[in-house]
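Overview (structure and organization)
Residues per chain are reported as follows:
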Amino acid sequence: MKSFTLTSVAHVLVLAGLSDAFWRMECPNRSALARIDPLVSIGSAAQHVHAIHGSSGFSASSSTADLLAGQCTSCRVSEDKSAYWTPAVYFKSASTGEFTLVNQVGGMLAYYLLFTNAGEKTVTAFPPGFEMISGDTNQRNYSYPVPDAVEKSRWASTAPYNTQAFLRQAALGFNCLNYQKAPEPSLYRHFLPDKAYLDANCADGVRFELMFPSCWDGKNNAPSDKQSHVAFPDQVMTGECPKGFKTRLPSLFYETIWDTHAFSGQDGQFVISNGDPTGYGYHGDFIMGWDSDFLQKAADTCTNPSGRIEDCPLFTIQDEDAYSSCKVPSSNIPIAAAKDQLLSKLSSLPGNVQIFAGPGRAGGGSAAPSIDLPSPKKPSAPAPTSDIVPVVPTVSYKAATSASSGAYVPGGAFAEQPSSPAAAVTPAPNAASLGPSESFFSTQYATKGNTVEEVFWVEEEVTTTIFATETMTAGANKGRKRHLHKHRRAGAGH
Ligand SMILES: *[C@@H]1O[C@H](CO)[C@@H](O)[C@H](O)[C@H]1NC(C)=O
Ligand SMILES: *[C@@H]1O[C@H](CO)[C@@H](O)[C@H](O)[C@H]1NC(C)=O
């Protein structure tokens, strides 16, 4: 990898082997909220509730073919019949002991980041039948420094950062949202902060972030563990693929926002629907639901760095009526899950999942019943307090605006610190003063009635004369500079 230092903007940019191209699949509405998990509990009710997005062909036994045969998708691009799902988030009141579903704000975003291997120009589309899980529902501890103590560019050469076990946990992010402040970087905090911290700091809720492995063995589409066919590149999102996993897929990154702040001031705790109050057991699932040739064409040509699905001419953008009304039919919901109470005044988590805070491994995480049994009616005895009070570290709010090296990191900002103390971020330009060659790179999400557009950087062509660099390759005659910009707000439907 090569770094350039710009004298005028003092910005560090990594180019080799990296493409900034991506698209941001918006799935503004859930297609279901249910105990369904075709990758873990095939044909039966899943252990815990999932927030589900994508094809209406989703069921407890759906495959790529079933998803493609689905009538509609809850995502905005009609060609994307994939299924995307993560656990849901609940609040447990200390005074009543009851659980309430936390409001999911703005559906979900699934980023397709088109990072290529060094020396390659394109990524390989997911093959038909491709399935994968990122994360481990039974994980309940974290044995690495908090926060990440070593800059990402040194992970590959520094134990324990150069292990898949670390990368798997570093693939989770719990982004404390406060739109009055500069955003935190993505994948900065790998655990769910406790209630007091959330109340005090995260006025706009928490964005749950999940990076999927993007390095594939090139052979297996869906091994039974849904994980052993893929691996993380050495910087979790960017970097090099390990030996045996050299086929670079689109790098999938999920974001869901949960309005934890709605419970501000109420005594209680947040818990993920799998019984995890720590966040270490957060995870997500994917089943490929594109026509594979179409996806390859999109990966090859939808490279506008804006990330906007509207900027890819291949995509058919659906009307709100179409995606927001797309639901998994109730006939696809396993009998044992069909009567679940899911929303409020729940005496237990749906499926009677017990809260377990670790640090040992959770037992029942994947022990889903193999046949449809009615869920037990009465909750079992409450676990001892020591089992349900999460012990998570405190990491203070971190603004990302002082960091600007490496690749674009979706949803947040640039995750690394500048490698030289001289590096600093150029003040955000006034949008009105931008020239015609300059463009915004943005993310967006809906919150409390507004659509928020975060603008992270602006790209413009600059000539080499403003570079002071020893590493610039001969013949390169232009570079790019990036500016971090605070998010701005726009009214709904901007
Ligand atoms: C779809 O989601 C949007 C925001 O994500 C919300 O405003 C709208 O009410 C939802 N529509 C339906 C039908 O659920
Ligand atoms: C931490 O988690 C791992 C993996 O789930 C488990 O094997 C280990 O026993 C846990 N550590 C402690 C101290 O419980």
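Here's what I pulled together on the structure shown here. The structure presented is a predicted model; accordingly, all values stated were derived computationally and were not measured. (Residues numbered from 1 in each chain as written. Chains lettered and ligands numbered in written order. Predicted model: local features only at pLDDT ≥ 70, side-chain atom pairs only at ≥ 80, totals over all residues. Heavy atoms only, no water.)

Some remarks on the sheet that holds strand 6 (residues 83-87)
With respect to topology, five strands assemble into an open sheet ordered 4-5-6-18-10, the strand pairing being antiparallel. Each edge of the open sheet carries a strand with a single partner, namely strand 4 (32-34) and strand 10 (131-135). Each strand axis lies, on average, 20° off the axis of its neighbour in the sheet, ignoring direction. Sheet topology note: the strand 6/strand 18 (residues 283-287) ladder contains three bridges and is antiparallel. (Pairing = 2+ DSSP bridges. Helix = DSSP H or I, 4+ residues; strand = E, 2+ residues; numbered from the N terminus. Axes fitted to C-alpha atoms, helices over the stretch in contact; angles between N-to-C directions.)

Here's the deal with the sheet that holds strand 7 (residues 89-93)
Strand pairing in a sheet relies on backbone hydrogen bonds. The paired strands run either parallel or antiparallel. Read across the sheet, three strands follow the order 8-7-17 without closing on themselves; strand pairing throughout is antiparallel. Since the sheet does not close on itself, it has two edges, and those belong to strand 8 (99-101) and strand 17 (268-272), each with one partner. In this sheet, neighbouring strand axes are inclined to one another by 30° on average, regardless of whether the strands run parallel or antiparallel. Inspection of the sheet shows strand 7 paired to strand 8 by three bridges, in the antiparallel sense. Each bridged residue has a counterpart across the sheet, and for Lys92 the counterpart in strand 8 is Phe99.

Some words on the site of ligand 1
Around ligand 1, the surrounding shell consists of Pro28, Asn29, Gly106 and Ser324. For ligand 1, an oxygen atom lies 2.4 Å from a polar atom in the side chain of Asn29. Compared with its free state, where it exposes 360 Å², ligand 1 has 45% of that area covered by protein. Residue classes in the shell around ligand 1 are distributed as one nonpolar, three polar and no charged. (Near = heavy atom within 4 Å. Polar contact = N/O pair within 3.5 Å; in protein donor to acceptor, adjacent residues only side chain to side chain. Areas by Shrake-Rupley, 256 points an atom, 1.4 Å probe, with all protein chains shown as cover. Nonpolar A, V, L, I, M, F, W, Y, C, P; charged D, E, K, R; others polar.)

Some remarks on the state of the cysteines
Using the criterion set out here, one finds five disulfides in the structure. Here Cys27 connects covalently by a disulfide to Cys75, the sulfurs 2.1 Å from one another. Taking the sign of the S-S torsion, about 90° here, the bridge from Cys27 to Cys75 comes out right-handed. With Cys27 in strand 3 (residues 22-27) and Cys75 in the loop between helix 1 (64-69) and strand 6, the pair connects residues that are 48 residues apart, well separated along the chain. Among the residues examined, Cys27 registers a relative accessible area of 0% and is labelled buried. Bridging Cys215 to Cys241, the disulfide has an S-S length of 2.1 Å. Negative torsions about the S-S bond denote left-handed disulfides, and the value of about -80° found for Cys215 with Cys241 makes this one left-handed. With a gap of 26 residues between them, Cys215 in strand 13 (residues 215-216) and Cys241 in the loop between strand 14 (230-231) and strand 15 (247-248) connect regions that are remote in the sequence. (Disulfide = S-S within 2.5 Å. Buried < 20%, exposed > 50% of the residue type's maximum accessible area, 1.4 Å probe, protein only.)

What about the pairing of strand 16 (residues 251-258)?
Looking down a regular strand, the side chains alternate between one sheet face and the other. Buried residues dominate strand 16, accounting for eight of its eight residues. In this sheet, strand 16 lies alongside strand 9 (residues 104-113) in antiparallel orientation, the contact comprising eight bridges. Counted as the bridge partner of Ala110 is Tyr254 from strand 16. As judged from the six bridges shared by strand 12 (residues 206-211) and strand 16, these two strands associate in the antiparallel manner. Across the sheet, residue Val206 finds its bridge partner in strand 16, namely Trp258.

Some points on the site of ligand 2
Around ligand 2 sit Gln139, Asn141, Pro359, Gly360 and Arg361, and those are all the residues in its vicinity. Gly360 is positioned such that a nitrogen or oxygen atom in its backbone is 3.4 Å from an oxygen atom of ligand 2. With respect to ligand 2, the side chain of Arg361 contributes an N or O atom lying 2.9 Å from an oxygen atom. Summarising the interface, the protein chains cover 48% of the accessible area of ligand 2, which totals 360 Å² for the free molecule. Partitioning the shell around ligand 2 into residue classes produces one nonpolar, three polar and one charged.

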